[in-house]
Amino acid sequence: MPPPRGAAPAPGVADALDRLVVDVPDFPEPGVVFKDITPLLADPEGFAAVVAALADAGRDADGAVVVDKVVGMEARGFILGAPVALALGVGFVPVRKAGKLPGDVHAVSYDLEYGQATLEVHCHAIAPGERVLLVDDVLATGGTVAATRDLVAACGAVTTGVAVLMELSFLPGRATIGAGGELDVTALSTV
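Residues numbered from 1 in each chain as written. Predicted model: local features only at pLDDT ≥ 70, side-chain atom pairs only at ≥ 80, totals over all residues. Heavy atoms only, no water.

## Details of the pattern of salt bridges
Right, on to step 1. The final tally for this structure, using the stated rule, is eight salt bridges.
Right, on to step 2. Residues Arg131 and Asp68 are paired through a salt bridge, measuring 3.1 Å at the closest nitrogen-oxygen approach. Placement of the pair is Arg131 in strand E7 (residues 131–139) and Asp68 in the loop between helix H3 (44–55) and strand E3 (69–73), with a sequence separation of 63 residues.
Right, on to step 3. We note a salt bridge from Arg96 to Glu74, for which the minimum N-O separation is 2.7 Å. Separated by 22 residues along the polypeptide, Arg96 in strand E4 (residues 91–97) and Glu74 in the loop between E3 and helix H4 (76–88) bring together distant segments of the chain. (Salt bridge = Lys/Arg side-chain N within 4 Å of Asp/Glu carboxyl O. Helix = DSSP H or I, 4+ residues; strand = E, 2+ residues; numbered from the N terminus.)

Here it is as structure tokens:
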């Protein structure tokens, strides 16, 4: 049975994150500390522990799967979200940057601190009424998660939770996405 939602991750997960997520100062610009997850991805035990912990966000307290789809945001959300979907036995849907998906798409533009970005999802990738878990690497300002939640809603589906490797608590991510209430946020680490 998985731990209760919102519980601290298992010690193996915390250890994997501490050992295998590397701080890279001044990348991609001076003053920014980039969280490099590539060592975590290269470690099969650490990666498996993280995937299992993220997948728990898509289960209830009894271990039953409570989502129909997992959505991962470009690009590290793809790497994490696809194995989470497999662990849950549900489909995976990528949310891409503008112009990367063929066919009919829903699109949402949102503000970044240095400009604007647009995300897209295939119009029929998520069925109306489906319950969706969003998976990404970091919850920072919340703009990407909020835009992705809007895309899920445009498909007629409901975002029930967000699962991330880490949350940057000094930024307004939770407030931006309206965490609490109907939207659960699972962060395996808080910085």
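## Comments concerning the environment of Pro28
Right, on to step 1. By secondary structure assignment, the location of Pro28 is in the loop between strand E1 (22–25) and strand E2 (33–36).
Right, on to step 2. Put simply, Pro28 and Ala49 are 21 residues apart on the chain and 28 Å apart in space, counted from C-alpha to C-alpha.

## A closer look at the packing of aromatic side chains
Right, on to step 1. What the rule picks out here adds up to two aromatic pairs.
Right, on to step 2. Summarising the aromatic geometry, the rings of Phe27 and Phe34 are spaced 5.2 Å apart at their centres and angled 80 degrees between planes, so their arrangement reads as edge-to-face.
Right, on to step 3. Take Phe34: its relative accessible area is 26%, and that puts it in the partly exposed class.
Right, on to step 4. With 6.4 Å between their ring centres and 85 degrees between their planes, Phe78 and Phe92 make a pair best called edge-to-face. Here Phe92 lies in strand E4 and Phe78 lies in helix H4, a separation of 14 residues in the sequence.
Right, on to step 5. We classify Phe78 as partly exposed; its relative accessible area is 22%.
Right, on to step 6. Taking relative accessible area as the criterion, Phe92 reaches 28% and is therefore assigned partly exposed. (Phe/Tyr/Trp six-rings, centres within 6.5 Å; stacked < 30°, edge-to-face > 60°. Buried < 20%, exposed > 50% of the residue type's maximum accessible area, 1.4 Å probe, protein only.)

## Observations regarding the sheet that holds strand E8 (residues 158–167)
Sheets are built from strands that pair by backbone hydrogen bonding, the pairs being arranged parallel or antiparallel.
Right, on to step 1. Ordered by their spatial adjacency, seven strands build an open sheet running E5-E6-E4-E3-E7-E8-E9, and the pairing between neighbours is mixed. Looking at which strands have only one partner, the edges of the open sheet turn out to be strand E5 (105–112) and strand E9 (184–190). The mean angle between the axes of side-by-side strands here comes to 25 degrees, regardless of whether they run parallel or antiparallel.
Right, on to step 2. One ladder, built from six bridges, connects E8 with E9; its direction is parallel. Bridge assignment links Val162 to a residue of E9, and that residue is Val185. (Pairing = 2+ DSSP bridges. Axes fitted to C-alpha atoms, helices over the stretch in contact; angles between N-to-C directions.)

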